[in-house]
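Descriptive structure summary
The residues making up each chain are set out below.
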Amino acid sequence: MDAQVLAELRCPVCGEPLDTAPGVLRCPRGHSFDIARQGYVNLSAGRSPHAGDTAQMVAARAEFLDAGHYDFISAAVARAARVAYQGGLVLDAGAGTGRHLAAVLDALPAAPGLALDVSKPALRRAARAHPRAGAALCDTWGRLPVADGSAGVVLDVFAPRNGPEFRRVLRPGGVLLVVTPAADHLRELVERLSLLRVDPDKAERVAASLDGHFAPAGETALSRTLTLSPREARTLVGMGPSAWHSTPVTLPGPVTVTASVRLGVYVERSTSSQPAGGS
């Protein structure tokens, strides 16, 4: 694991710094955490209430993202991070396969990165996403296993938002970048296949989840029209929340789909009057 990343990790039991030992990370009080052979470290301390995305969902996501369909999202997040970055970790909470994190690290040649997720299949990929990225298993709804003020940028792309913890781990002047689906995201598939719809009050719920900790500093609407093969459409459905609720997709031919998201830039509430980069 990158030394800069390791320096910011903290024991999920006692909060002490961690150091390397054969096959584990260990704190001064003797708590130890296994490093999987795929390269990620389990910092859940046995407290994860759910397993996250399945191996099938993660494989579908990797296939879809590797085809470049959501590269426009990665590129926008990387631009926002490049404008705002002033040092520290790039922390991706709910990182999935780590593709968005890797794009940001490519745009920030000196930055270390850390992928956090509760899904072991996702972390097996995230640990290999970039040479400067570490990966750790944890429940991002709980206390994050990193030091106070360790992150210059926190990424939250289609993931749960833990406002108090995001604020704790951000250094002064840091930014939170949040990507959420817009109301018309994937509307063609939603209507055709009766998939889960985006909550029409999504934007208000996002703002409410961060209120008191962060202030908005900008928002960008991002949209692309995708032409997908039947296999790609099945993969898209299989990688998201509808995978838990729908039967396998069967489509007779190519389908045109609107990918529509919002990229929000947030700063700490106490520093909201300062300029922030992003959109």
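This report concerns the structure included in the present document. (Residues numbered from 1 in each chain as written. Predicted model: local features only at pLDDT ≥ 70, side-chain atom pairs only at ≥ 80, totals over all residues. Heavy atoms only, no water.)

1. Quick look at the overall build of the protein
Put simply, the rule is: Counting from the N terminus, the helices are DSSP H or I runs at least four residues long and the strands are E runs at least two residues long. Throughout this description, buried means an accessible area under 20% of the type-specific maximum (1.4 Å probe, protein chains only), exposed means over 50%, and partly exposed covers the range between. Contacts were defined at the residue level, with two residues in contact if any of their heavy atoms lie within 4.5 Å. The Shrake-Rupley method, run with a 1.4 Å probe sphere, supplies the accessible areas, and residue values consider only the shown protein chains as cover.
From N to C terminus, the protein includes nine helices and eleven strands. The buried share among the 279 residues of the protein stands at 52%. Across the protein, every contact between residues at least 6 apart in sequence was considered, and the portion connecting residues at least 24 apart equals 65%. Only carbon and sulfur atoms are counted for the fraction: they give 50% of the accessible area of the protein, which is about 12,400 Å².

2. So, helix α9 (residues 230–239)
Within α9, the full set of buried residues consists of A233, T235, L236, V237 and M239. Next to the buried residues of α9 lie α2 (55–66), α7 (187–193), β10 (214–228) and β11 (255–268).

3. Digging into the packing of α2 against α9
Heads up, the condition is: With axes taken as lines fitted to C-alpha atoms, and helix axes fitted only over the stretch in contact, angles between N-to-C directions fall between 0 and 180 degrees. When an angle is under 35 degrees it counts as roughly parallel; over 145 it counts as roughly antiparallel; between 65 and 115 it counts as roughly perpendicular; any other value is oblique. Left-handed describes a crossing in which the near helix is turned anticlockwise from the far one by less than a right angle; the clockwise case is right-handed.
Remark: α2 packs on α9, axes separated minimally by 8 Å, with the N-to-C direction vectors making an angle of 130°. Here α9 runs oblique to α2, going by the angle between their axes. Both α2 and α9 take part in a crossing whose hand is left-handed. Here α2 contributes M57, A60, R61, E63 and F64 to the contact with α9, which in turn contributes R231, E232, T235, L236, G238 and M239.

4. Here we look at the pattern of salt bridges
Convention followed: Here, a salt bridge means any Lys or Arg side-chain nitrogen found within 4 Å of an Asp or Glu carboxyl oxygen.
According to the stated counting rule, one finds 14 salt bridges in the structure shown. One salt bridge in this structure joins E165 and R168, with 2.8 Å as the shortest N-O distance. Within this pair, E165 and its partner R168 are both found in helix α6 (residues 163–169), separated by three residues, close to a single helical turn. Each member of the pair, E165 as well as R168, is classed as buried. Among the salt bridges present, the one from D184 reaches R187, with a minimum N-O distance of 3.5 Å.

5. Observations concerning the environment of H100
Going by this rule: Distance and chemistry together define a polar contact, namely a pair of N or O atoms within 3.5 Å, with one atom able to donate a hydrogen and the other to accept it when in protein, and with adjacent residues in sequence counting only for side-chain atoms on both sides.
Here H100 shows up in helix α4 (residues 99–107). Look at H100 and you get buried, because its relative accessible area is 8%. Remark: the alpha-carbon pair of H100 and D71, spanning 29 residues in sequence, is separated by 8.3 Å. Once residues lying within four places of it in the same chain are set aside, the contact partners of H100 are Y70, I73, S74 and V157. Within the local environment of H100, its side chain forms a polar contact with the side chain of S74, the two groups lying 2.6 Å apart.

6. Description of unusual backbone geometry
Phi is positive for F158, close to 55°, though the residue is something other than glycine. Take F158: its relative accessible area is 37%, and that puts it in the partly exposed class. Of note, the phi angle at L186 is positive, near 60°, even though the residue is not glycine. Within the secondary structure, L186 sits in the loop between β9 (170–181) and α7. Residue classification places L186 among the buried positions, given a relative accessible area of 15%.

7. Focus: the environment of P181
Examined against the element boundaries, P181 turns out to sit in strand β9. For P181, a relative accessible area of 15% translates into the label buried. As a C-alpha pair, P181 and F158 span 23 residues in sequence and 7.3 Å in three-dimensional space.

8. Some details on the pairing of β9
Using the following cut-off: Two strands are counted as paired when DSSP detects at least two bridges linking them. By convention a crossover is right-handed if, when the strands point away from the viewer, the path from the first strand over the helix to the second runs clockwise.
Burial analysis of β9 places nine of its twelve residues in the buried class, the great majority of the element. Relative to β9, strand β8 (residues 151–157) runs parallel, the two sharing six bridges. Counted as the bridge partner of A151 is L170 from β9. Between the parallel pair β8 and β9, the chain is carried across by α6, and the sense of this crossover is right-handed. As paired elements, β9 and β11 share six bridges and run antiparallel to each other. Residue T180 lies in a different strand from β11, and its bridge partner there is R262.

9. With respect to the nonpolar core
The condition that has to hold: To define a nonpolar core, start from buried Ala, Val, Leu, Ile, Met, Phe, Trp, Tyr and Cys residues and group those joined through side-chain atoms within 4.5 Å.
Grouped together as the largest cluster of nonpolar side chains are 50 residues, with contacts concentrated most on Y70, L177 and L236. When residues of this core are assigned to their parent elements, the largest contribution, eight residues, is made by helix α3 (residues 71–84). Listed in part, the 30 residues of the second largest apolar core include V5, L18, A136 and L144.

So far we have only geometry, and geometry alone does not tell us how the molecule works.
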